[in-house]
Amino acid sequence: MPDDIDIANFDLMALPTDYVPEAHRYFAALRRGSPIHPNNDGSFILTRYDDLVTAYRDPSVWSSDKKAAFGPKFGNSPLFEHHTTSLVFVDPPDHTRIRKLFQSAFTRKALAALEPRIHALVDEYLDELADRGEMDFVADFSFKLPVEIVCDMLGVPASDRLLIRDWALLILGALEPVLTDKQFQDGCDAVNNFKAYLRDRVKERKANPGGGRDGEILSALVEAEEEGAKLTEIELLHQCIFLLNAGHETSTNMLSHGVHEMLRHPGEIQKLLADPTLIDTMVEEVLRFQAPIQINNRRAQHDTELSGTAIPAGSIVHLMIGAANLDPEQFPYPERFDIARRPNRHLSFGLGIHICAGNALARMEANIAFAKLFQRFPNLKLEAPAKLSNRIRFREVTELHIAV
Ligand code: HEM
């Protein structure tokens, strides 16, 4: 139980060393003892489901614009340019304009076109598992699938996925609350390299306008840029970078956590095998239980209050998705991993105008991957305890050794 946790001195910028492995206990302690918890820098940590919903639902009070927050953190740097131009970190009306341009890539038809490719890749990785008898699920499966798919969707060669993965990790890594000089420099270099790389892809697409597949997002964005008023070149490059980043690391961790949680709860594997129609609720439960993105942020546009606590204008609030997903007021027996849980209105894809544009794609990847994996290998085993990284914004599995 969380009673031995010292909540009074809890601070997001100076976390206890056992925070990552013990996150669920810290969430429970915060939710019970200090649900709108002040950090020393004047920001607040929100852990109650209803408070997150309030913040997500009203962008006129709770802004996603990061210029004020990232100015002091990133200065006038490539990281600042990137993180303040990406769709997820802008408010209406720019947000409305840019989000519309993404729609063509996320229609049912565009997603259906990706489905056979997901099946083929999953089969290929599972064949490898059958041949070898074991694998590191992260390196050999969960990292590869989402990056291949998002590259396809965007229209960049999947053969460049290692480059892209490295840049993405460095750029997203710079979002951690505390940053070293090296992380900052590596992040800036990654933005510059990524932009140069994408400029070449844009040039290729402009030289060959019909060359992209149906629903390819690079073509849609290039067209919007050519029409001028809809998208600037800088916006175009940063949306591509953002999409590549948003679309793979998150899904990688969803897949890794899903396999890990199922192997930790073998009764749930039996339930799924007995009733394969549980696959949809299983995917939702994995997302709820181990939210791949643990924290979103908003900034109060003016003086306001949240559940009776005064929040001064300009304050940053940290929306702890992982904690809200375990709120007993919303989820009965929240610590129980139950693949048949219904309803399950978790917040792992956020809510409101910024709700994850790729949620249907992520769900499709998980659905296909988990169904095939457990059907084909009902006796799958964990070979060693999974390794988690110490990042807190992204809940990341770094190694997951499994055997058939
Ligand atoms: C399990 C996988 C995923 C998780 C957990 C996830 C989570 C999230 C969350 C929490 C947000 C909202 C951020 C906020 O409100 O501040 C978001 C936004 C977004 N996600 Fe995802 N995501 C996932 C996969 C994907 C995929 C596969 C794509 C695309 C290929 C994608 C594209 C986006 C985009 C474009 C936004 C910005 C939407 C906007 O600001 O309007 N995501 N995602």
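Higher on the page you've got the structure.
Residues numbered from 1 in each chain as written. Predicted model: local features only at pLDDT ≥ 70, side-chain atom pairs only at ≥ 80, totals over all residues. Heavy atoms only, no water.

## A look at the overall build of the chain
Okay, so step 1: Helix and strand counts for the chain come out as 16 helices and twelve strands.
Okay, so step 2: Its C-alpha atoms give the chain a radius of gyration of 21 Å, within 12% of the compact-globule value 22 Å for 404 residues.
Okay, so step 3: Its C-alpha atoms give the chain principal-axis dimensions of about 65 × 55 × 40 Å.
Okay, so step 4: The proportion of buried residues among the 404 residues of the chain is 56%.
Okay, so step 5: If you take every contact in the chain between residues at least 6 apart in sequence, the share linking residues at least 24 apart comes to 72%.
Okay, so step 6: Just so you have it, the chain exposes about 16,800 Å², and 53% of that area is on carbon and sulfur atoms.
Okay, so step 7: Across the chain, the 44 positively charged side chains and the 58 negatively charged ones have centroids separated by 3 Å. (Helix = DSSP H or I, 4+ residues; strand = E, 2+ residues; numbered from the N terminus. Rg over C-alpha atoms; globule rule 2.2 N^0.38 Å. Buried < 20%, exposed > 50% of the residue type's maximum accessible area, 1.4 Å probe, protein only. Contact = heavy atoms within 4.5 Å. Areas by Shrake-Rupley, 256 points an atom, 1.4 Å probe, with all protein chains shown as cover. Lys, Arg positive; Asp, Glu negative; His and termini not counted. Charge placed at Lys NZ, Arg CZ, Asp CG, Glu CD.)

## Observations concerning the packing of aromatic side chains
Okay, so step 1: Following the criterion strictly, the structure yields 14 aromatic pairs and no others.
Okay, so step 2: Seen from their ring centres, Phe10 and Tyr19 are 6.1 Å apart, and the 50° between their planes marks the pair as tilted.
Okay, so step 3: Assessed through its relative accessible area of 5%, Phe10 is described here as buried.
Okay, so step 4: Pairwise contacts between aromatic rings join Phe10, Tyr19, Tyr26 and Phe27 into one cluster.
Okay, so step 5: Between Arg288 and the ring centre of Phe331, over which it is positioned, the NZ or CZ distance is 5.3 Å.
Okay, so step 6: Sitting over the ring of Tyr333, Arg336 keeps its end group 4.3 Å from the ring centre. (Phe/Tyr/Trp six-rings, centres within 6.5 Å; stacked < 30°, edge-to-face > 60°. Lys NZ or Arg CZ within 6 Å of the ring centre and 35° of its normal.)

## Section: the sheet that holds strand β3 (residues 62-63)
Okay, so step 1: An order of β1-β2-β8-β5-β3 is seen for the five strands of this open sheet, with the pairing classed as mixed. The open sheet terminates on both sides in strands that have one partner only, identified here as β1 (36-38) and β3. (Pairing = 2+ DSSP bridges.)

## A few points about the site of the ligand
Okay, so step 1: Close to the ligand lie 31 residues; His95, Arg99, Arg298, His354 and Cys356 are nearest.
Okay, so step 2: Between the ligand and His95, the relevant distance is 2.6 Å, taken from an oxygen atom to a side-chain nitrogen or oxygen of the residue.
Okay, so step 3: Contact between the ligand and Arg298: an oxygen atom at 2.8 Å from a side-chain N or O atom of the residue.
Okay, so step 4: Of all elements in the fold, only α5 (94-102), α8 (144-154), α12 (233-264), β5 (295-300) and α16 (359-376) reach the threshold of two or more residues within the shell around the ligand.
Okay, so step 5: In terms of residues, the shell around the ligand owes the most to one element, α12, which gives seven residues.
Okay, so step 6: Of the residues assigned to the shell around the ligand, the class counts are 20 nonpolar, nine polar and two charged. (Near = heavy atom within 4 Å. Polar contact = N/O pair within 3.5 Å; in protein donor to acceptor, adjacent residues only side chain to side chain. Nonpolar A, V, L, I, M, F, W, Y, C, P; charged D, E, K, R; others polar.)

## Here we look at the coordination of the iron atom of the ligand
Okay, so step 1: Protein coordination of the iron atom of the ligand rests on one atom only, Cys356 (SG), at 2.3 Å.
Okay, so step 2: For Cys356, the position within the fold is in the loop between α15 (321-324) and α16. (Donors = N, O, S within 2.8 Å, 3.2 Å for Na, K, Ca; no water.)

## So, the side chain of His24
Okay, so step 1: With respect to the secondary-structure elements, His24 resides in helix α1 (residues 23-33).
Okay, so step 2: Exposure remark for His24: the relative accessible area of 18% places this residue in the buried category.
Okay, so step 3: For His24, the side chain forms a polar contact with the main-chain oxygen of Phe289, separated by 3.5 Å.
Okay, so step 4: Excluding residues within four positions of it along the chain, His24 makes contact with Phe289, Gln290, Leu326 and Glu335.

## Topic: the pairing of β5
Across a regular strand the side chains alternate sides, sitting on one face of the sheet and then on the other.
Okay, so step 1: Of all six residues in β5, six are buried, a share of seventy percent or more.
Okay, so step 2: Where burial is concerned, the two faces of β5 agree: the one with Ile295, Asn297 and Arg299 and the one with Asn296, Arg298 and Ala300 are both buried.
Okay, so step 3: Of the strand pairs in this sheet, β3 and β5 are connected by two bridges, and their pairing is antiparallel. Residue pairing for β5: Ser63 is matched across the bridge by Arg299.

## Looking at the environment of Val147
Okay, so step 1: By the element assignment, Val147 lies in helix α8.
Okay, so step 2: Distance from Val147 to Glu329, taken between C-alpha atoms, is 36 Å for residues 182 residues apart in sequence.
Okay, so step 3: Setting aside its immediate chain neighbours within four residues, Val147 contacts Arg161 and His248.

## Things to note about the sheet that holds strand β12 (residues 401-403)
Okay, so step 1: Here we have three strands laid out as an open sheet, ordered β4-β12-β9, and antiparallel in their pairing. If you trace the sheet from one side to the other, it starts and ends with β4 (134-136) and β9 (381-382), each paired once.
Okay, so step 2: In this structure, β4 lies alongside β12, joined through three bridges in antiparallel fashion. Following the sheet pairing, Asp136 is matched in β12 by His401.
Okay, so step 3: On the sheet, helix α6 (residues 108-132) packs against β4 and β12 and is oriented at approximately 125° with respect to β4. (Axes fitted to C-alpha atoms, helices over the stretch in contact; angles between N-to-C directions.)

Purely geometric stuff here, so don't read any function into it on its own.
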